[in-house]
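An overview of the molecular structure
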Amino acid sequence: IRTDRLLIKINPRGGDIVYAALPLHFAAIDTPDKPFVLLENNEQRQFIAQSGLVGSNGTDKASGRPLFTSSANRYSLSENAKELIVDLHFQQTPDITITKRYRFTRGDYLIRMEYLIANNSSSDWQGNLFGQFKRDNSADPASEGGNALGMTPFLGIAWTDAESPYQKEKLNKLAENPLNITTEGGWIALVQHYFVSAWIPAAGQNNQFSSVVTRRGDNIARFTAPTVTVAPGSTGTIASDLYLGPKDQYRLEKIYKGLDLTVDYSFLWWIAQPLFWLLFQLHKLLGNWGWAIVAVTLLVKIAFFQLNATAFKSMAKMRKVQPRMVEIREQFADDRQKQSQAMMELYKKEKVNPMGSCLPMLLQMPVFIALYWVLMESVELRHAPWILWIEDLAAQDPYYVLPIIMGASMFIQQKLNPPPPDPMQAKIMQWLPVVFTAFFLFFPAGLVLYWVVNNTLSIIQQYIITKRIEAGGS
């Protein structure tokens, strides 16, 4: 099945989706002819979306699954068509016909899946719809090369319930903490970096959500809907929505409450969410995600301008009195108490606060970390170019230019700061730019760009303040 958003393969045995690729998202930036594969069933990875009917008259039993037939084996969304309908047929009994219908919509990753039960028998037909994801424990194919400092994207299941719009559990913890709840409406999803697969059953009913780890070690996350009865001589419909696509939070929030939270900003989501909104709006204005990152960094810097100024003034004053501090340490080298008293008198006289540079920086850390998660989690940055050699803001700089610039900016910042009083600490600090450069070599380019711009703006502000303080200003 081919649409403008999805390439789908369905196994007639059960009517399961065993392959789903996204033609607008490439497997790699240098292979635009190869779409990113979300669902697949091969030696490398098993990840499929299954659905069926269980219960008294269900078609899916422990003894086997139904074999559907179709009028064709290839379907494609016509150029001017808004919708594509694919019907799979199964004759359960001479009097009961079941049609499994997939409904695809142009411009959307949301699929409507329906069971149409035509009951021409003399008794009631009863069954329960289920939908599930079955996945092995293979690595997340969308996370390669993007993890830094141990802050790895989430890989596991997520769901909503009456207590919270968003709950989650890692795949490797499902055996210890299996899911088994019943709630009205809801959804259940398998979440990975940049992409999400979600079953969204009917909202006005009590659905059971559960998980299980098979003997083979496969992870199953499923929903089971309430029993549906189709009277003799009538037709019944049981339906669910299935989303297979990128973590586009503005589309997901329209599908169901909490589904947009699969774009997981960790515990600082309340800061990260407005930051992404700002980044998104700037992208609409500038038309480039790289320049949007530069603009966001500038605006954040402006927001913290006064705090930074306070910190830099404190550093400049500490730098100015540094020679006198060295004299005091040498004068009272054998008397720690007198040395401390002399230092305190110096701080009081010069109105210097040794901790004045720390608090403003600490207050900004939650924003910096939240922005880190925004840039890590945003599928919009995947394969998004900036300028020149930066063709993918979600991948590392291929020539390491940005990390080296970042390291150089850290070195310049160090020269503007007062050296630590302890000689050993001073030597360690000298190596920090080298250590951070080594870390940043493997950071996504978008994150390194943020730090380069942030450091550059800090250097300019700190240089101006330092020169003013040293000239006798305040």
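Everything below is about the structure printed above this text.
This report concerns the structure included in the present document. (Residues numbered from 1 in each chain as written. Predicted model: local features only at pLDDT ≥ 70, side-chain atom pairs only at ≥ 80, totals over all residues. Heavy atoms only, no water.)

**Considering the overall build of the protein chain**
We apply this condition: The secondary structure listing takes helices from DSSP runs of H or I that are at least 4 residues long and strands from runs of E that are at least 2 residues long, numbered from the N terminus. Any residue under 20% of the maximum accessible area for its type is buried, any over 50% is exposed, and the rest in between are partly exposed; the area is computed with a 1.4 Å probe on protein chains only. In this description, contact between two residues means that some pair of their heavy atoms is separated by no more than 4.5 Å.
Within the protein chain, the regular secondary structure consists of ten helices and 17 strands. Each of the 474 residues in the protein chain was classed as buried or not, and the buried ones make up 50%. Within the protein chain, contacts between residues separated by at least 24 positions form 65% of all contacts whose residues are at least 6 apart in sequence.

**So, the side chain of Asp140**
Applicable threshold: In this tally, Lys and Arg are treated as positive and Asp and Glu as negative; His is ignored, and so are the chain termini. Whenever Lys or Arg places a side-chain nitrogen within 4 Å of a carboxyl oxygen from Asp or Glu, that contact is recorded as a salt bridge. Two N or O atoms form a polar contact when they lie within 3.5 Å of each other; inside protein one atom must be a possible hydrogen donor and the other a possible acceptor, and for residues adjacent in sequence the pair counts only when both atoms belong to side chains.
Residue position: Asp140 is located in the loop between β8 (125–135) and β9 (156–159). Buried charge without a salt bridge: Asp140, with Arg135 as the nearest opposite-charge side chain at an N-O distance of 5.5 Å. A polar contact of 2.7 Å, which involves the side chain of Asp140, links it to the backbone nitrogen of His193. If we ignore the near neighbours within four places in the chain, the residues touching Asp140 are Arg135, Leu155, Gln192 and His193.

**A short note on the packing of aromatic side chains**
How we decide: For Phe, Tyr and Trp, rings pair up if their centres lie within 6.5 Å, where Trp contributes its six-membered ring, and each pair is then called stacked (planes under 30 degrees apart), edge-to-face (over 60) or tilted (otherwise).
For the structure on display, the rule yields 19 aromatic pairs. A centroid spacing of 5.3 Å and a plane angle of 70 degrees characterise the contact between Trp291 and Trp386, whose relative ring orientation is edge-to-face. Placement of Trp291 in helix α3 (residues 289–303) and of Trp386 in the loop between α7 (358–377) and α8 (401–416) is noted, with a sequence separation of 95 residues between them. Residue class for Trp386 comes out buried when judged on its relative accessible area of 16%.

**Structural notes on the sheet that holds strand β10 (residues 167–170)**
Strand pairing in a sheet takes place through backbone hydrogen bonds and is either antiparallel or parallel in direction. So the rule is basically this: Between any two strands, pairing holds if DSSP finds at least two bridges. Convention adopted: a line fitted to C-alpha atoms gives each axis, helices being fitted over their contacting stretch, and angles between N-to-C directions are expressed from 0 to 180 degrees.
In spatial order, the strands read β5-β6-β7-β17-β13-β12-β9-β10; together these eight strands make up an open sheet with antiparallel pairing. Pairing within the sheet leaves two strands with one partner each, and these edge strands are β5 (83–93) and β10. Strand after strand, the sheet turns through a mean of 20 degrees between neighbouring axes, direction not considered. Pairing of strand β13 (residues 195–201) with strand β17 (residues 234–246) involves seven bridges; the strand directions are antiparallel. Opposite Trp199, over in β17, you have Leu242 as the bridge partner.

**Side note on a nonpolar patch on the surface**
Quick note on the threshold: Residues with no salt bridge and a relative accessible area higher than 30% make up the patches, which join like charges within 9 Å and nonpolar side chains (Val, Leu, Ile, Met, Phe, Trp, Tyr) within 5 Å. Areas reported here follow the Shrake-Rupley algorithm with a probe of radius 1.4 Å; residue values treat only the protein chains shown as occluding.
A cluster of nonpolar residues, Leu285, Leu286, Trp291, Ile387 and Leu388, forms a patch on the protein surface that exposes about 540 Å² of accessible area. Within the fold, Ile387 resides in the loop between α7 and α8.

**Concerning the nonpolar core**
To keep things clear, this is the line we draw: Note on terminology: a nonpolar core comprises buried Ala, Val, Leu, Ile, Met, Phe, Trp, Tyr and Cys residues joined through side-chain atoms within 4.5 Å.
Ile17, Phe104, Tyr115, Ile200, Tyr243 and Leu244 are the most contacted members of the largest nonpolar core, which totals 67 residues. Aside from chain neighbours lying at most four places away, what touches Phe104 is Ile1, Thr3, Leu6, Ile8, Lys82, Glu83, Leu84, Val86 and Ile111. Grouped together as the second largest cluster of nonpolar side chains are 43 residues, Val263, Val296, Val367 and Tyr372 included.

**Some words on the side chain of Asn288**
Checked against the element boundaries, Asn288 lands in the loop between α2 (269–286) and α3. From its side chain, Asn288 meets the backbone oxygen of Pro385 in a polar contact 3.3 Å long. Ignoring any residue separated from it by four or fewer positions in sequence, one finds Asn288 in contact with His283, Pro385 and Trp386.

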